[in-house]
Amino acid sequence: MLDLKAVVQDPEGFERRLARRGPDAAALLAPVKTLAAERRELNVALEGMKKRAGEANARVGQLMRTDRAAGEAARAEARTLSDEVKGREKRLAEIEAEIAKLLLLVPNPPQESVPDGVDERDNREVSRWGAPPRFDFAPRPHWELGEELGVLEWQQAAKLSGSRFTVYKGAAARLERAVAAFFLDVHGSRGYTEILPPYLVTAETMTGTGQLPKFEEDLFRTAGPDPLYLIPTAEVPLTNLHRDEIFEPGQLPIRYCAWTPCFRAEAGAAGKDTRGLIRQHQFHKVELVKITRAEESEAEHQRMVEDACEVLRRLGLHHRVVLLCAGDMGFSSAKTYDVEVWLPGQQTFREISSVSNCEDFQARRIRVRYRDEKGKPRLAHTLNGSGVAVGRTLVALFENYQQEDGTILLPPALHPYMGGVTRIDKGDFPRGVER
RNA sequence: GGAGGAGUGGCCGAGCGGUCGAAGGCGGCGGUCUUGAAAACCGCUGAGGGUUCACGCCCUCCGAAGGUUCGAAUCCUUCCUCCUCCGCCA
């Protein structure tokens, strides 16, 4: 959410910055400006009125003890003032609610360092690691490999749940767990505290990080009188963990990681990535979240990108980092890097992580602050990034490490997590491997 | 789910419907004293908003939302959370 005071002070500046996201974003501010002016005028008048009403009430109190008749007279005057205050307060509350409603729909203006552009074609590659693996056969997509090996199953998933679900079996099920455990261990050793949050959260929590009110159609919601929402990413619970808190000096930055399922309705994605694991209603992701002081968020952002890349390096997966252009960024982000992994089966780079600095946009919604050197509360900055998407990591592992015979060679970093299994092959996967 | 109890400032804890933003204590900060520290004593010590060049002044907030009243931390209603006991479960 934007700072209303800042918007009022420099409306043109905000409109110019928002316009970089696209033609619609800047237009949202016009009604806000009008209402803000109205609110201010009303508020000034109201405060004077409240003061007078308060004084009138005090007089009544005093007179009632000494002169009953005079007290009754003062009471009539106090009543008039009181009624007037109540009427104006009601109008003020309406205006403020309207402003809040509008402001919740305004996206975060991009940082200056974000390149101009309208979609992913305008994103800027900033680095690249490794090289595409070379095959002396035609590499195949992961869904063929998984199906052939009997470890990824889509017919049964459709029977259970419809489209965009997958049943993992044997080695694939184990691999999903192994990859997640590996990621958590890497991040844990790099300073992140592991969290296991609720997967169902309230509308208030969803509003805090920006999923609501604008993107309700992307979410799954429970039935019943008190609905809850399934998290589309662990960013939601992790970032909301410290809602309404003020951090003391020395407590920041906070770094969390969590392995959770993510649930996405994928409305509007009909016909897109219909095969394989790329776009599912349910997938696992290891998420990284930081809460920092304003002046350190940029440096922490760069480090978070490195943390995401680190797990891919350890798995030997060729990848690149792109800086998203203004038009391609998510609602809450001021600056986003995507990490894209190479998928030989599809001869393309594919997003496997998205690392965003939301600056104070979410912090303002959830009132997360810290005390500066002078002891004054200041809004914190929040950052989030995938570290990384587990399902898409399986995609990358299958496609990059496939052999001509259709088996998958696993990179050494995962061997301890796979109970010694080093290759995914057809046939029985060793069951009940204990450590 | 049922029956009780409780929600006040960073923490503990008072608070007859009328200068209560709220006694007192703890903690924290500043000062006096001290070579330094401790102790003692004195003062300060929440958040948001408005206004002012500034000092300051003003408004709002006692779990949340309504209501009664000239006036609510105090009375009423609903909701939320926590604690205890019972039931049900993993």
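Located above this text is the structure these notes cover.
Residues numbered from 1 in each chain as written. Chains lettered and ligands numbered in written order. Predicted model: local features only at pLDDT ≥ 70, side-chain atom pairs only at ≥ 80, totals over all residues. Heavy atoms only, no water.

Caption draft 1: Quick look at the overall build of chain A. Counting secondary structure elements, chain A contains 13 helices and 17 strands. Based on the C-alpha atoms only, the size of chain A along its principal axes is roughly 100 × 45 × 45 Å. Out of the 435 residues belonging to chain A, those deemed buried represent 49%. Counted over contacts in chain A with a minimum sequence separation of 6, partners at least 24 positions apart contribute 72%. By element, 50% of the accessible surface of chain A is carried by carbon and sulfur atoms, the whole surface being about 20900 Å². Taking the average location of the 62 positive side-chain charges in chain A and that of its 65 negative ones, the two points are 3 Å from each other. (Helix = DSSP H or I, 4+ residues; strand = E, 2+ residues; numbered from the N terminus. Buried < 20%, exposed > 50% of the residue type's maximum accessible area, 1.4 Å probe, protein only. Contact = heavy atoms within 4.5 Å. Areas by Shrake-Rupley, 256 points an atom, 1.4 Å probe, with all protein chains shown as cover. Lys, Arg positive; Asp, Glu negative; His and termini not counted. Charge placed at Lys NZ, Arg CZ, Asp CG, Glu CD.)

Caption draft 2: Spotlight on the pattern of salt bridges. Within this structure, the stated rule accounts for 31 salt bridges. The salt bridge involving aspartate 273 is made with arginine 350; its shortest N-O contact spans 2.8 Å. Here aspartate 273 is found in the loop between strand 8 (254-263) and strand 9 (282-292), whereas its partner arginine 350 is found in strand 12 (residues 348-359), with 77 residues between them in sequence. A salt bridge links arginine 314 to glutamate 310; the nearest nitrogen and oxygen atoms lie 2.6 Å apart. Of this pair, arginine 314 and glutamate 310 both sit in helix 11 (residues 297-314), four residues apart, which is roughly one turn of the helix. On the basis of relative accessibility, which here comes to 14%, the residue glutamate 310 falls in the buried class. Within the structure, one salt-bridge network assembled from shared partners comprises Glu125, Arg128, Arg320 and Glu340. (Salt bridge = Lys/Arg side-chain N within 4 Å of Asp/Glu carboxyl O.)

That's the geometry; what it means functionally is another story.
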